[in-house]
Amino acid sequence: MSRMRIDDIEIREADIFEILLDSFPDMIHSIDEKGNIVYTNRTAEKLLGYTREELLAMNIRQIYDPDILKAVEKGFSDLKRRGDKTVESILRAKDGTRIPVEIRSFSIYDDNGHFLRTFSILRDIRPIKELQQSLVHAGRLAAIGELASGVAHDINNPLTVILLSNEMVIRSLEHSTPPSSEDAERAKSHARDVQKASHSIQKLADHLRSFSRGMVEKAEPLDLYMSLNDALFITKSKVTKVGASVHSTVEAGRHFVCACPNNMEQVFVNLIGNAADALDGRAKRDLTVSVSPVSRKGVEMWKCDITDTGTGIPPEIREEIFQSFFTTKEKGKGTGLGLSISRAIVRDHKGEIELVSEVDKGSTFSVCLPRIEPPQSK
Ligand code: ADP
C-alpha cells in the first residue's frame, strides 16, 4: 500500500482519496454488473437520506424514481456496452423526495473486455431546474407586460372617441331646451359618470404604457406624494380585492427626492403589492403609507414607510427575500423578482430599503432616499 507523509504524519494514499471523495460536493457511486451498489461517498448519504451501510446493501434500481425504471435499465445496459455516458435522471430519496440529477458515468473493463464496474458522479440539479422555471416565468411575465403595453396603446383610440362623443352629449344636454328637465339632468349625471370612468381608464392605460417602458430614464425632482399616489392607483384593484384599508398621511409638495418617476413607481407598486398579498385573508387588514425625515450616515433622507398588518416575515428569511427568484408565493403568483429589483433601483438612487417585521403582526418596508429641496415653482 502506498503511503505519503504530511508534516510528520504518515497517511495511506487510499485514506486521502477517501477523504477527497467524501468531501466532493456531488454524489459518487460505483455499481457492479448486477446493479448492486459497491461504493458511495458521504454526499450520497446526505442527498438520499440513507446511511452508507444501507446504500451498500441496495441495488441501483432502488434509488431511482420507479416511474423511470425502464429508462434506467436501458441506460445501465448501454453504459455496460459503451463505456461512458452523460444523462439527466431522477433519484428517489428515502423520504420519497424526487431529486433531478445530471449523471456522468463511465465503465471499466478487465483485460478481456469484460465489464467490471461503472463509476458515476451525480449532481443535484434542483437549483438549476428552479432557476430555469423562474426564468421561463419571468419571460412570460415580460411578454404579458409587452402585451399590456400594446393593449393600453390600442385602447386610446376608441377611448378618445368615447370621450369626445360623451363631451358632445354633455354639451347638447347643457344647451337643450327646455334647459333642465328632470330627464336631461339624469342623463347629464350619467354622461359625467362615463366621462369620469373614461378618464380613469385613460390614466390607467397611460400608467401601463409608461410603467412597461422600462428603466432607461432620467432622474428629476420627484414629489414622493405623486409617486405613492400613482402606485396606489395602479395597485388599487389588488388592494381592494383583499379588502385592505389604506391610510396615507403623505401630503403633496413636501417630500422631494431626485429620482426616475417610473422606477420609483415600480418600487412602490412592488412594495404595496407585496403588502396586499401579506394582508390577504388576515383578520386585520391595514395598509399605511407615511413619510418622515431621517438621517443615515450623515445624509438627510426621506423615509417612506409601507406598513402592513400582514403575516410578517420570519427573521431567517429577511435577507433572502431580497435575492432574485426567492419567493414564498405559490406558482403563478410570485416571481421572486420584486424586492431584488426594487433594492437595485433604490440603491441606484443612493438610497436603501429597510425592513422591520414581526411574524403574525406585520411588516414595514421603508424606502430611504436623499432629500432635496422642493423645486422653485415658476
Ligand atoms: P414575489 O412577491 O414575487 O414573491 P418579492 O421579491 O417581491 O417576490 O418578494 C419575495 C418574498 O418576500 C415574498 O415571496 C414574500 O415571502 C416576502 N415578502 C415581501 N413582502 C412581504 C410583506 N409585506 N409581508 C410578508 N412577506 C413579504
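As a reminder, the structure under discussion sits directly above these lines.
Quick caveat, the model's predicted, so the values are computed rather than measured.

**Some details on the sheet that holds strand 5 (residues 84–92)**
Part 1: Strand order in the open sheet formed by 5 strands is 4-3-7-6-5, and the pairing between neighbours is antiparallel. On the outer flanks of this sheet lie strand 4 (37–40) and strand 5, each paired with one strand and no other. Strand-to-strand twist of the sheet, defined as the mean angle between neighbouring strand axes without regard to direction, takes the value 30 degrees.
Part 2: In terms of strand pairing, strand 5 meets strand 6 (residues 98–109) through 9 bridges, oriented antiparallel. Across the sheet, R92 pairs through a bridge with R98, a residue of strand 6.
Part 3: In the packing of helix 4 (residues 69–82) onto the sheet, the strands contacted are strand 3 (27–31), strand 5, strand 6 and strand 7 (115–124), and the crossing angle to strand 6 comes to about 25 degrees.
Part 4: Contacts between helix 5 (residues 126–174) and the sheet are confined to strand 5, strand 6 and strand 7, with strand 6 contributing the most and set at about 130 degrees to the helix.

**Describing the site of the ligand**
Part 1: Around the ligand, a shell composed of 20 residues is seen, among which T327, T328, K329, T335 and L339 lie nearest.
Part 2: Taking T328, its side chain carries an N or O atom lying 2.4 Å from an oxygen atom of the ligand.
Part 3: Contact distances for the ligand include 2.8 Å between an oxygen atom and a backbone N or O atom of L339.
Part 4: Look at the ligand: alone it shows 540 Å² of surface, and the protein chains cover 93% of it.
Part 5: Looking at the shell around the ligand, the elements with two or more residues in it are helix 9 (261–279), helix 10 (338–348) and strand 14 (362–372).
Part 6: When its residues are assigned to classes, the shell around the ligand shows 8 nonpolar, 10 polar and 2 charged.

The rules behind each value
- Residues numbered from 1 in each chain as written.
- Predicted model: local features only at pLDDT ≥ 70, side-chain atom pairs only at ≥ 80, totals over all residues.
- Heavy atoms only, no water.
- Pairing = 2+ DSSP bridges.
- Helix = DSSP H or I, 4+ residues; strand = E, 2+ residues; numbered from the N terminus.
- Axes fitted to C-alpha atoms, helices over the stretch in contact; angles between N-to-C directions.
- Contact = heavy atoms within 4.5 Å.
- Near = heavy atom within 4 Å.
- Polar contact = N/O pair within 3.5 Å; in protein donor to acceptor, adjacent residues only side chain to side chain.
- Areas by Shrake-Rupley, 256 points an atom, 1.4 Å probe, with all protein chains shown as cover.
- Nonpolar A, V, L, I, M, F, W, Y, C, P; charged D, E, K, R; others polar.

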